[in-house]
Every structure is written in structure tokens, then in C-alpha cells.
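Now for the letters of each chain:
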Amino acid sequence: LLYLGDGKINDAELPHCTKITQMVLDEYRTEYNKAKDDLKNALGRISMTTDLWSDPNRDSYMAVTAHFMIWGEKNRLEYRTCLV
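We now turn to the structure provided with this report. Model, not experiment: these values are computed from the prediction. (Residues numbered from 1 in each chain as written. Predicted model: local features only at pLDDT ≥ 70, side-chain atom pairs only at ≥ 80, totals over all residues. Heavy atoms only, no water.)

### A few points about the side chain of T65
Here is step 1: Here T65 lies in strand β2 (residues 60-71).
Here is step 2: Judged by its relative accessible area of 18%, T65 is buried. (Helix = DSSP H or I, 4+ residues; strand = E, 2+ residues; numbered from the N terminus. Buried < 20%, exposed > 50% of the residue type's maximum accessible area, 1.4 Å probe, protein only.)

### A few points about the packing of aromatic side chains
Here is step 1: Taken as a whole and judged by the stated rule, the model has two aromatic pairs.
Here is step 2: Here Y28 and Y32 contribute two aromatic rings whose centre-to-centre distance is 6.0 Å and whose plane-to-plane angle is 25°, an arrangement assigned as stacked. Taken as a pair, Y28 and Y32 lie in helix α1 (residues 17-40) at a separation of four residues, close to a single helical turn.
Here is step 3: When the ring of W53 is compared with that of Y61, the centres are 5.8 Å apart and the planes differ by 20°; the resulting orientation is stacked.
Here is step 4: For W53, a relative accessible area of 42% corresponds to the partly exposed category. (Phe/Tyr/Trp six-rings, centres within 6.5 Å; stacked < 30°, edge-to-face > 60°.)

### Observations concerning the environment of M62
Here is step 1: Tracing the backbone through its elements, the reader meets M62 in strand β2.
Here is step 2: Residue classification places M62 among the exposed positions, given a relative accessible area of 57%.
Here is step 3: Placed ten residues apart in sequence, M62 and L52 show a C-alpha to C-alpha distance of 4.5 Å.
Here is step 4: Here M62 is in contact with D51, L52 and W53, once residues within four sequence places are set aside. (Contact = heavy atoms within 4.5 Å.)

If you want it as C-alpha cells, here you go:
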């Protein structure tokens, strides 16, 4: 944060860790609900893809992505993806 503030932020202006946690959770809930609404309004079928990988420490990861079509702005058909 100090870097982004160009050194003009003092310690009193930094948010507490619980405030930052709450901000992250609020943003997560917003994006989660937006993705859920998009999936509910998907046209036709929803396709799912997966990707598996591991890091140098052999920790494994998996991502599941949903691919679907939706009516977007100006009544245009749009291709959307979201992590599930």
C-alpha cells in the first residue's frame, strides 16, 4: 500500500487486517453471486473444462472452468467463462 500511495500514506491511514479481510470477503461474495446469476441465465448447455498442475514443491492444484453463452449488452450473444 505504501508503494501505491507513493510514500504519502502513514501508518494511521492503513486499514486493520480485519478490515482488509472483510473487504476481500465482500468482493468474493459479489463476484460469486454475479457468476451464479450468469450461470442461471446461460443459454443452452454449460460446458466444463478442468486443468490440473503442480508447483515445484509438488502441491497439486485443480481449476474447473464453466463455458457458456449469455445475452449481453445491446442484445448481443456473448461467450462467457468463469471459474467454478
